[in-house]
Amino acid sequence: MLCLLNAETYKLKKSKSFYVCMAVTAAFILFMFSTIFLMDKIQKEKIADPSGSFSVSIKNNEPTSSGSLWDSLHIMDMLQEAFSGDSIGCILCIFISIFVIREYSSGMMKNIAGKGCSRSSIYLSKLFASILATILIAVTGIAATLICGWIFMGAQAFDRNFWKNLPVYIILQMIMITSLSSLFVFIGELSRNLAAGIAIGICIISFPALLLNVIDLQFADHAFTPSQYWPVTRIAGCPFEGFTTGYWIETLLVAAFWIILTTAAGIWHFNKTDIR
C-alpha cells in the first residue's frame, strides 16, 4: 500500500494537468477580483458624471451609489464567492477525471493490477493521491484570494476577526472537498472514459444542487434542509463566522457518509469488473 501511495504521489508531482489546474484556479480568482475592480471603476466614473446614475449590488450587500464598491465587500465574501460557484468544483472534477481515467485508457491500470497488487490498495492509493491534489488546488485558490485581497482591498481588509475565522473556514471546506474528491474518483472508476467522467462530474456539480434547492422550498417551514447534505451545496453554503459545535458534527457526519459510501462502492466495482 505504501509503495502504491508513493507511486501515486510521484505521478502527481509529474502530472502537468495538476499544475495547470492550480494555475487555472489562481487565474479564476484573479479574474473574479479584476471583474469587481472594473465594476468599481465604472461605478466611480458614473458617479462623477452627473448626467448618469449607476449602482452595483453583490449578494446581500446594499447597492452603493457613492464611494468605492470595495467598501461593501469583505475578504471573506470573496472567499465564499470563490467556493460558492461551480468553477472550483469543475476544475477539481476535470483534474480527477484526467488523473484517474487516463490510466485505464493507457493500459497502465491493467499492468498495475496484473502485478499482484490488491485492487483495494490500488483504489485507495489513487483516492488518497486525488484528495491530496484537490486540497492543494483548493489551497491555491485560498492563497490567490488572500494575495488578490491584499492587492485590491488593502491590508485593512485583514482584521483580527478574519484571522480568527479563516482557519476554521478552511478546515470545514477541506473536509467537504475531501468527500467531493471521493465522489469524483468513484465516477472516474465507474465510467473509465475521460469524456464521460468529466461530463458526469460536471452534471453532478450543477444539477443536483438545483434540484435540492427546489426541494428545500418544500421544507421552508422546517429546520431540515436537504441541500445541506449534498457536498456541493454544503461547500457553497459554508458560513465564515458563528461556527457551532452542531455544524461541525453535521459537517463531519455528512463528509464521512459520502466518503464511506463512494469508497465502498468504488472498491466493490473495481474488484468486480475486468480492466481492459
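All values derive from a computational prediction rather than experimental measurement. (Residues numbered from 1 in each chain as written. Predicted model: local features only at pLDDT ≥ 70, side-chain atom pairs only at ≥ 80, totals over all residues. Heavy atoms only, no water.)

**A look at the packing of aromatic side chains**
And then number 1: Taken as a whole, this structure holds 11 aromatic pairs when the rule is applied.
And then number 2: Their ring planes at 75° and their centres at 6.3 Å tell us that F83 and Y169 sit as a pair that is edge-to-face. In this pair, F83 is assigned in helix α3 (residues 75-84) and Y169 in helix α7 (residues 160-191), connecting sequence segments 86 residues apart.
And then number 3: The exposure class of F83 is buried, given its relative accessible area of 7%.
And then number 4: Between the aromatic rings of W230 and W258, the centroid separation amounts to 5.1 Å while the plane-to-plane angle is 85°, which identifies the pairing as edge-to-face. Taken together, the residues W230 in the loop between α8 (194-218) and α9 (231-236) and W258 in helix α10 (residues 245-272) connect sequence positions 28 residues apart. With respect to class, W230 is no different from W258; both count as buried.
And then number 5: Here a set of aromatic residues connected by ring pairs shows up, and it is made of F18, Y19, F95 and F99.
And then number 6: One Lys or Arg, R119, reaches over the ring of F270 and ends 5.3 Å from the middle of that ring.
And then number 7: For K126, the ring lying beneath its charged end belongs to F99, and the centroid distance is 4.3 Å. (Phe/Tyr/Trp six-rings, centres within 6.5 Å; stacked < 30°, edge-to-face > 60°. Helix = DSSP H or I, 4+ residues; strand = E, 2+ residues; numbered from the N terminus. Buried < 20%, exposed > 50% of the residue type's maximum accessible area, 1.4 Å probe, protein only. Lys NZ or Arg CZ within 6 Å of the ring centre and 35° of its normal.)

**Points about the side chain of R234**
And then number 1: Relative to the assigned elements, R234 resides in helix α9.
And then number 2: Owing to a relative accessible area of 1%, R234 belongs among the buried residues under this scheme.
And then number 3: Side-chain polar atoms of R234 contact the side chain of E250, separated by 2.9 Å.
And then number 4: Residues in contact with R234, not counting those within four places in the same chain, are M176, S227, Q228, Y247, E250, T251 and V254. (Polar contact = N/O pair within 3.5 Å; in protein donor to acceptor, adjacent residues only side chain to side chain. Contact = heavy atoms within 4.5 Å.)

**A word on the packing of helix α1 (residues 2-14) against helix α6 (residues 119-153)**
And then number 1: The interhelical angle for the contact between α1 and α6, taken along N-to-C directions, is 40°, at an axis separation of 9 Å. In terms of orientation, α1 and α6 fall into the oblique class. Both α1 and α6 take part in a crossing whose hand is right-handed. Along the contact surface, α1 presents L4, L5, E8, T9, K11 and L12, while α6 presents S121, I122, S125, K126, F128, A129, L132 and A133.
And then number 2: Grouping the constituent residues of the contact of α1 with α6 by class yields eight nonpolar, three polar and three charged. (Axes fitted to C-alpha atoms, helices over the stretch in contact; angles between N-to-C directions. Parallel < 35°, antiparallel > 145°, perpendicular 65-115°, else oblique. Left-handed = near helix turned anticlockwise from the far one by under 90°. Nonpolar A, V, L, I, M, F, W, Y, C, P; charged D, E, K, R; others polar.)

**With respect to the environment of K126**
And then number 1: Relative to the elements of secondary structure, K126 occurs in helix α6.
And then number 2: Assessed through its relative accessible area of 4%, K126 is described here as buried.
And then number 3: In this structure, the C-alpha to C-alpha distance between K126 and I96, residues 30 residues apart in sequence, is 9.7 Å.
And then number 4: For K126, the residues in contact, after removing those within four places along its chain, are E8, K11, F99, V100, E103 and M109.

Function cannot be read off these values alone, since they describe shape.
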